[in-house]
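Breakdown of the fold
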Amino acid sequence: MPSISWSLRLRPLVGLLAVLVLCSVPLSNPAGAQTLLDQPTSTDETPELPSPLTGETVRDLVSTLSDQQVRALLLERLDAVAEEESEKAANDPSVLSLLETSALETVDSVTTAVLRVPEMPAGVWSGLTRFFEPRGWPGIGAILSVFALAILAGLAAELAVNHLARKRRDRIRNEVPDGLAATLSLLLRRAVLDVIGLIAFYLVAKEVILALLSSEPPVAASGARTFPDTVIVIAFLWWVVMLPRMMRTLTRFLMAPHVPALRLVHTDDWSARFIHRQLTIVFALWGLMSFAIPFLASHGAPVGQLRVGFWLNLAAFATLIYTIWTARPGLVMMMMGKEGDVSPFERRVALAYPGLSIVLVAATWMLIEALAAQRMWGATSSAILTMVVLIFTPTFDTAVRGLVKHLVRPMEGEGAVAEAAYLSTKRSYVRIGRVLISVGIILFFAWLWGLNLINLAAAGVGAQIAGRAVEVSMVLLAGFLTWELVSLWINRKLAAENTADLSTNAEEPGGGEGGGAGRSRLATVLPLVLGSLKAVIAIVFGLIALGHIGINITPLLAGAGVVGLAIGFGAQKLVSDVVSGIFFLIDDAFRVGEYVEVEGTRGTVEKISIRSMQLRHHLGPVHTIPFGEIPKLSNYSRDWVIMKLKFTVPFETDPNKVKKIFKQVGREMMEVPEYAEDLLEPFKSQGVYDIDDVGMVIRGKFMAKPGRQWVLRKEIYNRVKKALEENGIPFARREVRVAIPGLESPDALTDAQKTAVAEAAAQADQDGAKRAQVPAAE
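Residues numbered from 1 in each chain as written. Predicted model: local features only at pLDDT ≥ 70, side-chain atom pairs only at ≥ 80, totals over all residues. Heavy atoms only, no water.

Here we come to the overall build of the protein. Along the protein, the regular secondary structure elements total 24 helices and eight strands. The buried share among the 778 residues of the protein stands at 36%. Across the protein, the fraction of contacts at a sequence separation of at least 24, relative to all contacts at a separation of at least 6, is 69%. Accessible area for the protein stands at about 45,500 Å²; split by element, carbon and sulfur atoms hold 63% of it. (Helix = DSSP H or I, 4+ residues; strand = E, 2+ residues; numbered from the N terminus. Buried < 20%, exposed > 50% of the residue type's maximum accessible area, 1.4 Å probe, protein only. Contact = heavy atoms within 4.5 Å. Areas by Shrake-Rupley, 256 points an atom, 1.4 Å probe, with all protein chains shown as cover.)

So, in structure tokens, the structure goes:
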């Protein structure tokens, strides 16, 4: 009884497992088979499945089966599943085994091609013989004559078209382009005329061939038929004649081998002509291969065994490698560009470009042989096109740099910051161009090889991982473009500003006395805005990328909120400094480069952060002052400065004469362009300012641009001194006069009187020296 009860308890579980297995494995029943419901059950045979297989029929079937039958059915289905999995694994080898197999087949293919070189002449001749046999030598002679006549007729048509366009060609030949746009326009017009001539050549030659050759396939003595003569000759015309000429037109457009002024790439004349000629040869070999293989194969030659295409393709790739190796200096020049202002990384890439290109060409040849060994003939053209695009990719980068140099407007501002912003603007344009070119190349390769960037499961990568990788790449790409666009916009604004040069190599602001003019308001604020926006962009897109990877960013945001709250409570002084700085910048109280004073501390504003400012005194010390500790700020570099000068002349001097001299000095300085730019009001006299024990103090003043008053003051002192000397007016000197009775007859003085006179004179000199001392400079 216990065994029966356990059997009854286990039967539903076994039945449920059987249902799951049956529903998960697709099964079918032969047509006309009866279901097991119509047959008696047996404990020794595996039951047959009902047809059609539905949930209801499965439940009915399980209810009628014994435990042994359910086990037998389950084992049969599991064995079938295991067999399918093993067959799938055998048909879908691992990546390493696939690479190993491809490498062995490639080596075997190359070895076979080398070993069958002695058989090649006989095999090629057999194909030519089958071409000659139904036509005979008269037919071959007729074909050659027609082809020669077609070439001559095509050339005559091309010459006629060129003659009709001779005026346009003469204008193009004599035109001297000014700038990149004019050069491109001229080259495009010349290329269009060349293409029209090529089209005329091909159409006329083709019509001559169609008119003079038979379109019926000839029949050999054995009864075999080959392609019509027109098809063969037109194919030869297209692949062997037209393809190299079209490549020649393209390289003429890019290299301008005989007109250096029209050359789009920067290289020497010899390299331009050499590359132009060699690329034509390479494409002639590829065109010959594209014609020879189907031609010989259609005439019974064992092309696959003789490996004719292998040797023609090898010749083309060898010619390409020889071209790159020989033209190394010209290719490096091409990569460096005309201006030569490349970064160290770009210079290293330019020097390595020929070697990398040779490696790429060799790798492409090996890939083509691997594809040919796998009988994947259609992918060889994709591999060649991929190689061509990759070789020309650095040239695209050079073209981007050249376009940026021609299209970016000249710098409008002045100063070191404006110059740095201008260079950053050009680099941003270059980086954006590189990103767009890279995206375009990736999309082109995906289209060329039939890849779906969203669903890479077909390429052996998990769909979920591939999808997330693409999404993260798109997020990072969007973040990078946003970063560059923000930098580009702000740097363009900075490049148009007049900015003070605060570097150690620059001229001392204010002639070394401080008080020089500062940067503009935008030049002060925009660097802070740029840094803040970059931080925001990096954080936002970084969090978005982490979210797409699968990381939960909610704890990060919560942690950032807690940290922000802690900073708000525990760093009130920091918040006060930041807020005060914001309002100082809104009020435009100071700018970078201006000379200010804060509570007795003077200096030039050298740097501004989010919480403090740095003042550099004109003698060197740097003072860091938090914004929250600035109760009052005095700016000595805003708008204009009035400088007042004092001159002491003897009492008997005529003030009106001095006034005229000052006026003349001011007028002469306004006539000098170097000083007139800095003088807002000319130097003039303010009359007698004071009378002391030395003489009359006459004061003059002038208004100047901030920071230029010190240079102007020095020049005014020199000119006033010279003008006063020319008019016989000396500067007053401090004198000490001692009245001693009886000094009129010094011989009558006694020794005691002489001693008293000497002591009085020494005391007077000492007092004068004390009064003449000036306080030390700050």
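Don't stop here, the text continues.
Turning our attention to the sheet that holds strand E1 (residues 595–598). Within the open sheet, the five strands sit side by side as E4-E3-E2-E1-E5. Their pairing is antiparallel. Two strands close off the open sheet at either side, each with one partner strand: strand E4 (622–626) and strand E5 (633–635). Within this sheet the neighbouring strands show an average axis-to-axis angle of 40 degrees, counted without direction. Summarising the sheet, strand E3 (residues 612–616) and E4 pair through five bridges and their orientation is antiparallel. By the bridge assignment for E4, Arg616 is matched with Val622. (Pairing = 2+ DSSP bridges. Axes fitted to C-alpha atoms, helices over the stretch in contact; angles between N-to-C directions.)

We now examine the confidence of the model for the protein. The predicted model of the protein averages 76 in pLDDT, with 73% of residues at 70 or higher. The element-level mean pLDDT for the protein is lowest in helix H1 (residues 2–24), coming to 38, with helix H6 (residues 136–164) highest at 92. Contacts for the low-pLDDT stretch residues 1–44, under 50 throughout, to residues beyond four places or in other chains number 40 contacts. In this model, residues 508–512 is a region of pLDDT below 50 whose contacts with residues beyond four sequence positions or in other chains number eight contacts. (pLDDT = per-residue confidence, 0-100.)

On to the side chain of Thr364. Examined against the element boundaries, Thr364 turns out to sit in helix H14 (residues 344–373). Judged by its relative accessible area of 6%, Thr364 is buried. Setting aside its immediate chain neighbours within four residues, Thr364 contacts Phe317, Ala383, Ile384 and Met387.

When two helices pack together, their arrangement is given by the angle between the helix axes and by the axis-to-axis distance. For the pair H6 and helix H9 (residues 229–255), interaxial distance at closest approach is 11 Å and the crossing angle is 45 degrees. Between H6 and H9, the angle falls in the class oblique. At the point where H6 passes H9, the crossing takes the right-handed sense. Taking contact as the criterion, the partners of Ile143, Phe147, Ile151, Leu155 and Glu158 in H6 are, on H9, Asp229, Val233, Phe236, Leu237, Val241 and Arg245. Residues that form the contact of H6 with H9 fall into these classes: eight nonpolar, no polar and three charged. (Parallel < 35°, antiparallel > 145°, perpendicular 65-115°, else oblique. Left-handed = near helix turned anticlockwise from the far one by under 90°. Nonpolar A, V, L, I, M, F, W, Y, C, P; charged D, E, K, R; others polar.)

Taken together, Arg166, Lys167, Arg168 and Arg171 make up a surface patch of like positive charges. Relative to the elements of secondary structure, Arg168 occurs in helix H7 (residues 166–174). In this structure Arg168 comes out as exposed when scored by relative accessible area, which is 54%. (Patch = residues over 30% accessible without salt bridge, like charges linked within 9 Å, V, L, I, M, F, W, Y side chains within 5 Å. Salt bridge = Lys/Arg side-chain N within 4 Å of Asp/Glu carboxyl O. Lys, Arg positive; Asp, Glu negative; His and termini not counted. Charge placed at Lys NZ, Arg CZ, Asp CG, Glu CD.)

What follows concerns the nonpolar core. Ranked by size, the top nonpolar core spans 69 residues in total, and within it Leu237, Trp286, Phe317 and Leu320 carry the most contacts. Here Leu237 is in contact with Phe147, Ile151, Phe201, Tyr202, Ala205, Lys206, Ile209 and Met242, once residues within four sequence places are set aside. Counting 22 residues, the second-largest nonpolar core is a separate cluster that includes Leu645, Tyr675, Leu679 and Ile698. (Core = buried A, V, L, I, M, F, W, Y, C linked by side-chain atoms within 4.5 Å.)

Bringing the packing of H9 against helix H10 (residues 269–298) into the picture now. One can describe the packing of H9 onto H10 by two numbers: an axis separation of 9 Å at closest approach and a directional angle of 160 degrees. One element, H9, and the other, H10, form an angle in the roughly antiparallel class. In the packing of H9 onto H10, the handedness of the crossing is right-handed. In this structure, H9 uses Ile232, Ala235, Phe236, Trp239, Val240, Leu243, Pro244, Met247, Arg248, Thr251, Arg252 and Met255 to contact H10, whose residues at the interface are Ala272, Ile275, His276, Leu279, Thr280, Phe283, Ala284, Gly287, Leu288, Ser290, Phe291 and Phe295. Residues of the contact of H9 with H10, tallied by class, amount to 17 nonpolar, five polar and two charged.

So, about the environment of Val231. Mapping Val231 onto the fold places it in helix H9. Residues Val231 and Pro217, spaced 14 residues apart in sequence, show a C-alpha to C-alpha distance of 9.5 Å.

By the alternation rule, side chains of strand E6 (residues 641–649) split into Val641, Met643, Leu645, Phe647 and Val649, which are all buried, and Ile642, Lys644, Lys646 and Thr648, of which none is buried. Pairing of E6 with strand E8 (residues 696–704) involves nine bridges; the strand directions are antiparallel. Note on E8: the bridge partner recorded for Val649 is Met696.

Taken as a whole and assessed by the stated rule, the structure comprises 14 salt bridges. Residue Arg719 pairs with Glu715 through a salt bridge whose shortest N-O separation is 2.9 Å. Of this pair, Arg719 and Glu715 both sit in helix H23 (residues 709–726), four residues apart, which is roughly one turn of that helix. Judged by its relative accessible area of 22%, Arg719 falls in the partly exposed class. A salt bridge links Glu725 to Lys721; the nearest nitrogen and oxygen atoms lie 2.6 Å apart. Separated by four residues within a single helix, Glu725 and Lys721 lie in helix H23, roughly one turn from each other.

Turning our eyes to something else, we now look at the sheet that holds E6. The strand order across the open sheet built from three strands is E6-E8-E7, with neighbouring strands paired in antiparallel fashion. Each end of this open sheet is capped by a strand with a single partner; those strands are E6 and strand E7 (679–691). Adjacent strand axes in the sheet meet at a mean angle of 20 degrees when their direction is disregarded.

For the rest of this paragraph, the subject is unusual backbone geometry. Backbone geometry at Ala256 places phi at a positive 40 degrees, although glycine is not the residue there. Assignment of secondary structure puts Ala256 in the loop between H9 and H10. By relative accessible area, Ala256 is classed as buried at 2%. Positive phi is not limited to glycine here, since Glu599 has a value of about 50 degrees. For Glu599, a relative accessible area of 57% corresponds to the exposed category.

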